[in-house]
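Take a look at the letters that make up each chain.
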2 protein chains.
Amino acid sequence: MKNNNQKKEKVNLFQKLQNDLSRIINETPPGERLKSEPELSADLGVSRATLREAMRSFEGQGLIRRRQGVGTFVLDRNQNIETGLEVLESIETLASRLGLEVRMGFLEVNQLAADEAMAAKFDLSLKSPVNRIARVIWISERPVAYLIDNVIPQVISLEELDDTFTGSVLDKILRRNSPELSFSKTTVSATPASPAIAKKLQLQRDDVLLKMEAYLYTKDGAMIDYSESYFIPGFFRFQVIRSIGNQNPGNG
Amino acid sequence: MKNNNQKKEKVNLFQKLQNDLSRIINETPPGERLKSEPELSADLGVSRATLREAMRSFEGQGLIRRRQGVGTFVLDRNQNIETGLEVLESIETLASRLGLEVRMGFLEVNQLAADEAMAAKFDLSLKSPVNRIARVIWISERPVAYLIDNVIPQVISLEELDDTFTGSVLDKILRRNSPELSFSKTTVSATPASPAIAKKLQLQRDDVLLKMEAYLYTKDGAMIDYSESYFIPGFFRFQVIRSIGNQNPGNG
DNA sequence: AATAGCCTATTGTCAGACAAATGATTTTCG
DNA sequence: CGAAAATCATTTGTCTGACAATAGGCTATT
């Protein structure tokens, strides 16, 4: 009996591979070549086929460039956070995937009573309690984003927001795997910085911000989190693949 | 005399596979299962390993969900897309779909020589001609957007931009159905209005604009149009559905 | 010195095999 | 008979080894 796999943990091999490969890519200076695929697969203990799936995934994220006959090269990320909008992930998860060092500043947690607008969003009655979690995200000693989550206490109570809280409501819900999430409906816009936000982000008032409003839904169809996010444009590039719609069949 | 923009017949196998697979996914109703990987790879004429690289790429975009022992399923990515970003359409088509009356002002058409940045985008040589089409969009007697298309002359020549031209490069290409389009890679950002654009949109300088940069690709994988679009935020709200990444393996 | 051809390293693709997970089916047994 | 256990078929996950295609460097020839 040939057994080349002594022990396989329950964790997803592919995810572990993605982490390892992500680390290697991040540790490699932009423009440099990675080791060859046979070498890497040997180093990482996976087959070349599996490694190539991960490579393809990173290529799709614009982190590497593969050239047949030459090698695989690390692209210059230019300290930009560039990500697809199709999949929702926390900025902390995104940053660690990109090898950027982020830290959180100015965590503010309040419980407030729902005003009319908020009550309507959550389909709650007026003055129901809503937990508001606001934070500033720093990258390389500069504030780059301001994020506000409004979440109903049934999903995240104030007691849960202890030392272990990283700041990301999304990550917390995902980690405990309850409730099961389905999708987020996000609206993209632009806005001048209000005085309050400008101060937090060390900007001038009315400087330009990219704004996203997101409604997070569970598989039951309940809306459990309404967030407003403000990004300094220079640091963030959000991508989306737009497919070609059904053409007008009338014209042939 | 050597224009290397002509595509070799031997197009990227992976790109072709992505197109085929994309069509299959789009034709499959959400929630339905795709054929098994061995079947699909046989249908599409590629090996299972290559197919799986493409699958991984689509999984990363949140289009499908794969479950070991069960199959691969098409996710429901458009619960409600009204002005969603998922599908590319011209602003003229969008407006007519919404019953808005739009008109075009300030159509400007130039031919310019590609500078370094533009040449790199199109993979052309320096100073190759590029046609630039800029226009202002008006809705209800107010300018609301400024759109710039840069397109290679092989796709749209200056002679084609006659009276019948509505202003939309996208619509023109779609109407004549050549070349066949595949998708657009769009980046969303925010920017203050430059003096030139502010004047065209009747704004103050440094007023906030939503900016989109889009690269339009044909089914051959060639990039044929690079566009910059500036929208006044109050008039546009772009939505996108973001699915939850599969953080938890094999847990139905 | 310039050029054409060869060599080698690297990614691209393939075929086949087995492992692991899942849901349906059949068997076992109280 | 009914429920639990075992079995089976299907499907994705991963591995192995091989060959093709490409690019860049090296060498021999002119």
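In this numbering scheme, every chain counts its residues from 1 along its sequence in written order. Written order decides the labels, with chains lettered from A and ligands numbered from 1. A pLDDT threshold of at least 70 governs which residues receive local features in this predicted model, and a stricter bar of 80 or more applies before side-chain atom pairs are shown or counted, although totals over entire chains, interfaces and linings include all residues. The side-chain numbers reported here are obtained from all heavy atoms of the structure, hydrogens and water having been left aside.

1. Overview of the overall build of chain A
Starting at the N terminus, helices and strands are each numbered in turn, a helix being any DSSP run of H or I of at least four residues and a strand any DSSP run of E of at least two. Counting its secondary structure elements, chain A contains seven helices and eleven strands. Looking at chain A as a whole, 49% of its 252 residues are labelled buried. Whether two residues are in contact is decided by their heavy atoms: any pair within 4.5 Å suffices. Excluding contacts between residues fewer than 6 apart, the proportion of contacts in chain A whose partners are at least 24 apart in sequence is 57%. Using a 1.4 Å probe on the protein chains alone, a residue whose accessible area is under 20% of its type maximum counts as buried, one over 50% counts as exposed, and one in between counts as partly exposed.

2. What about the nonpolar core?
Residue types Ala, Val, Leu, Ile, Met, Phe, Trp, Tyr and Cys, when buried and joined through side-chain atoms within 4.5 Å, form a set referred to as a nonpolar core. With 61 residues, the main nonpolar core has A:Leu21, A:Leu210, A:Phe231, B:Leu210 and B:Phe231 as its most contacted residues. Beyond its immediate stretch of four places on either side in the chain, B:Leu210 contacts A:Val188, A:Ser189, A:Ala190, A:Leu210, B:Val188, B:Ser189, B:Ser229, B:Tyr230, B:Phe231, B:Pro233 and B:Phe238.

3. Re the protein's contact with DNA strand D
Here a residue counts as near a molecule or strand whenever at least one of its heavy atoms sits within 4 Å of it. Near DNA strand D you find 25 residues, and of these A:Ser47, A:Gln68, B:Glu37, B:Arg48 and B:Arg52 are the closest. A share of 69% of the atoms of DNA strand D within 4 Å of the protein falls on sugar and phosphate groups. For the purposes of these results, a polar contact is taken to be a pair of N or O atoms within 3.5 Å, where, inside protein, one atom must be able to donate a hydrogen and its partner to accept one; residues adjacent in sequence count only when each atom of the pair is a side-chain atom. Between DNA strand D and the protein, one listed contact pairs a base nitrogen with a side-chain N or O atom of A:Arg48 at 3.3 Å. A distance of 2.7 Å separates a phosphate oxygen of DNA strand D from a polar atom in the side chain of B:Arg52. With three residues, helix H3 (residues 48-60) of chain B is the largest single contributor of residues to the surface near DNA strand D. Each residue belonging to the surface near DNA strand D can be placed in one class, and the counts come to five nonpolar, eleven polar and nine charged. Residue polarity follows a fixed list, in which Ala, Val, Leu, Ile, Met, Phe, Trp, Tyr, Cys and Pro are nonpolar, Asp, Glu, Lys and Arg are charged, and the others, Gly among them, are polar.

4. Examining the protein's contact with DNA strand C
Close to DNA strand C lie 25 residues; A:Glu37, A:Arg48, A:Arg52, B:Ser47 and B:Thr50 are nearest. The share of sugar and phosphate among atoms of DNA strand C within 4 Å of the protein is 70%. For DNA strand C, a base nitrogen lies 2.7 Å from a polar atom in the side chain of A:Arg48. Contact distances for DNA strand C include 2.8 Å between a phosphate oxygen and a backbone N or O atom of B:Ser47.

By themselves, these observations are geometric and do not establish any function.
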